[in-house]
Amino acid sequence: MKVVFLQDVEGVANGGDVKEVKRGFARNYLVPKSLAIPATKDALQRIERLTHQADENRVKRMENLQALADELSGRRVDVAMRAGASGRLYGSVTNTTIAEQLSALIEGEIGRRSVEIPEPIRDVGVYGVNIRLYSGISASVNVLVHPMDTDPDEYLQFLETRKQSEEDADAEIEDDLEAELATPIDTGQPVEDIGTSDEDQDEAASDPSTKVEADEDTASESSHTSPDEELVEPTE
């Protein structure tokens with residue numbers, strides 16, 4: 001079915017475009033929401049005016065979405081959930097959950113598809129979540145998931161204090177390890193005496209094989225007396 005788009009439909013067409021779409025998509029979504037009209041002869045004759053109107057609507061819509069992004073940026077969304085002692089949730093926080101909380105916060109409408117989370121949240125804590133309002137227009141919000149029957153501000157303070165304590169403990173362990181690695185190893189004797197210790201000398205003296213080798217060396221030296229050192233018998 002061929003239609004003329006009256007407004008931008010992200011990922012499909014811009015306002016003023018004439019495109020062929022599935023009949024069900026046109027009748028059940030595009031036409032009821034005034035996003036497009038059937039491409040009749042009259043509609044085609046009004047393409048130029050429709051395109052101009054769509055351009056004006058696009059500019060206005062972008063301005064409104066950017067203003068909304070500025071309003072959302074940095075905001076905190078509190079979500080109360082049932083949780084166990086370990087912080088694991090009984091259930092999960094989905095993009096639908098966050099979209100509903102955001103919509104209530106701004107008294108407007110945020111679609112669940114605008115909330116970008118890789119997977120449902122299953123633990124208490126603070127999570128940075130990107131809200132994609134349109135191509136090139138996004139806002140970053142913080143989602144605080146806290147146990148039911150707890151004050152959000154007090155629980156946030158608890159989380160921050162716990163995180164700081166963990167960071168301080170990690171830093172202390174790292175400092176201790178660096179100090180230990182920087183401490184020289186004590187060998188118990190001066191560096192210049194490392195070549196032969198007293199213990200090594202005692203072992204050599206008590207080793208019979210060492211003594212035999214020493215005697216053989218002495219005998220060898222005696223049998224190689226130089227001519228100048230031979231005894232001369234005195235003459236009468």
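Here we summarise the structure given alongside this text. Model, not experiment: these values are computed from the prediction.

### Here's the deal with the packing of aromatic side chains
Part 1 of the argument: Taken as a whole and assessed by the stated rule, the structure comprises 2 aromatic pairs.
Part 2 of the argument: Between Phe-25 and Tyr-29, the aromatic rings sit 5.5 Å apart at their centres with planes inclined by 15 degrees, giving stacked as the arrangement. Of the two residues, Phe-25 and Tyr-29 are both situated in helix α1 (residues 23–30); the distance of 4 residues between them amounts to about one turn of the helix.
Part 3 of the argument: The partly exposed category is assigned to Phe-25, whose relative accessible area is 31%.
Part 4 of the argument: Aromatic side chains Tyr-155 and Phe-158 sit 5.6 Å apart centroid to centroid with 40 degrees between the ring planes, which places their arrangement in the tilted category. A residue pair is termed a helical-turn pair when its members lie 3 or 4 positions apart in one helix, as Tyr-155 and Phe-158 do in helix α5 (residues 152–182) at 3 residues.
Part 5 of the argument: By relative accessible area, Phe-158 is classed as partly exposed at 43%.

### Comments concerning the sheet that holds strand β2 (residues 18–20)
Part 1 of the argument: Strand order in this open sheet of 3 strands is β2-β1-β3, and the pairing throughout is antiparallel. Sheet topology places β2 and β3 (36–38) at the edges, where each strand pairs with a single neighbour. Between one strand and the next, the sheet's axes are offset by a mean angle of 35 degrees, whatever the strand orientation.
Part 2 of the argument: With 3 bridges joining them, strand β1 (residues 2–5) and β2 adopt antiparallel strand pairing. From the neighbouring strand, Val-4 faces β2, where its bridge partner is Val-18.

### Some details on unusual backbone geometry
Part 1 of the argument: Although it is not a glycine, Ser-34 sits at a positive phi angle of roughly 60 degrees.
Part 2 of the argument: Residue position: Ser-34 is located in the loop between α1 and β3.
Part 3 of the argument: For Ser-34, a relative accessible area of 43% gives the class partly exposed.
Part 4 of the argument: Here Asp-149, not a glycine, exhibits a phi torsion of approximately 65 degrees, which is positive.
Part 5 of the argument: For Asp-149, a relative accessible area of 85% corresponds to the exposed category.

### Things to note about the environment of Arg-82
Part 1 of the argument: Its location among the elements puts Arg-82 in the loop between β4 (76–81) and β5 (88–93).
Part 2 of the argument: Along the chain, Arg-82 and Ser-92 lie 10 residues apart, while their C-alpha atoms are 9.4 Å from each other.
Part 3 of the argument: Apart from the residues lying within four places of it in its own chain, the contact partners of Arg-82 are Arg-88, Leu-89, Tyr-90 and Met-148.

### Notes on the nonpolar core
Part 1 of the argument: Judged by nonpolar contacts, the single largest core of 30 residues is most densely connected at Leu-72, Val-93, Leu-102, Ile-110, Ile-131, Leu-133 and Val-143.
Part 2 of the argument: Those elements giving two or more residues to this core turn out to be α3 (47–72), β4, β5, α4 (95–106), β8 (125–134), β9 (137–147) and α5.
Part 3 of the argument: If one sorts the elements of this core by residue count, β9 sits on top with 6 residues.
Part 4 of the argument: Leaving out residues up to four positions away in the same chain, Ile-110 has contacts with Leu-68, Leu-72, Ala-99, Leu-102, Ser-103, Val-115, Ile-131 and Leu-133.
Part 5 of the argument: Listed in part, the 9 residues of the second largest apolar core include Phe-5, Val-9, Ala-13 and Ala-36.

### Concerning the environment of Glu-100
Part 1 of the argument: One can find Glu-100 in helix α4.
Part 2 of the argument: Judged by its relative accessible area of 53%, Glu-100 falls in the exposed class.
Part 3 of the argument: When the C-alpha positions of Glu-100 and Arg-112 are compared, they lie 7.9 Å apart, and in sequence the two are 12 residues distant.

### Looking at the side chain of Ser-114
Part 1 of the argument: Here Ser-114 is to be found in the loop between α4 and β6 (115–116).
Part 2 of the argument: When neighbours within four sequence positions are excluded, Ser-114 is seen to be in contact with Asn-130, Ile-131 and Arg-132.

### Quick word on the pattern of salt bridges
Part 1 of the argument: Using the criterion set out here, one finds 7 salt bridges in the structure.
Part 2 of the argument: Between Asp-8 and Arg-58 there is a salt bridge, with its nearest N and O atoms 2.4 Å apart. With a gap of 50 residues between them, Asp-8 in the loop between β1 and β2 and Arg-58 in helix α3 connect regions that are remote in the sequence.
Part 3 of the argument: For Arg-88, the salt bridge identified is with Asp-123, shortest N-O distance 3.0 Å.

Parameters and conventions
Residues numbered from 1 in each chain as written. Predicted model: local features only at pLDDT ≥ 70, side-chain atom pairs only at ≥ 80, totals over all residues. Heavy atoms only, no water. Phe/Tyr/Trp six-rings, centres within 6.5 Å; stacked < 30°, edge-to-face > 60°. Helix = DSSP H or I, 4+ residues; strand = E, 2+ residues; numbered from the N terminus. Buried < 20%, exposed > 50% of the residue type's maximum accessible area, 1.4 Å probe, protein only. Pairing = 2+ DSSP bridges. Axes fitted to C-alpha atoms, helices over the stretch in contact; angles between N-to-C directions. Contact = heavy atoms within 4.5 Å. Core = buried A, V, L, I, M, F, W, Y, C linked by side-chain atoms within 4.5 Å. Salt bridge = Lys/Arg side-chain N within 4 Å of Asp/Glu carboxyl O.

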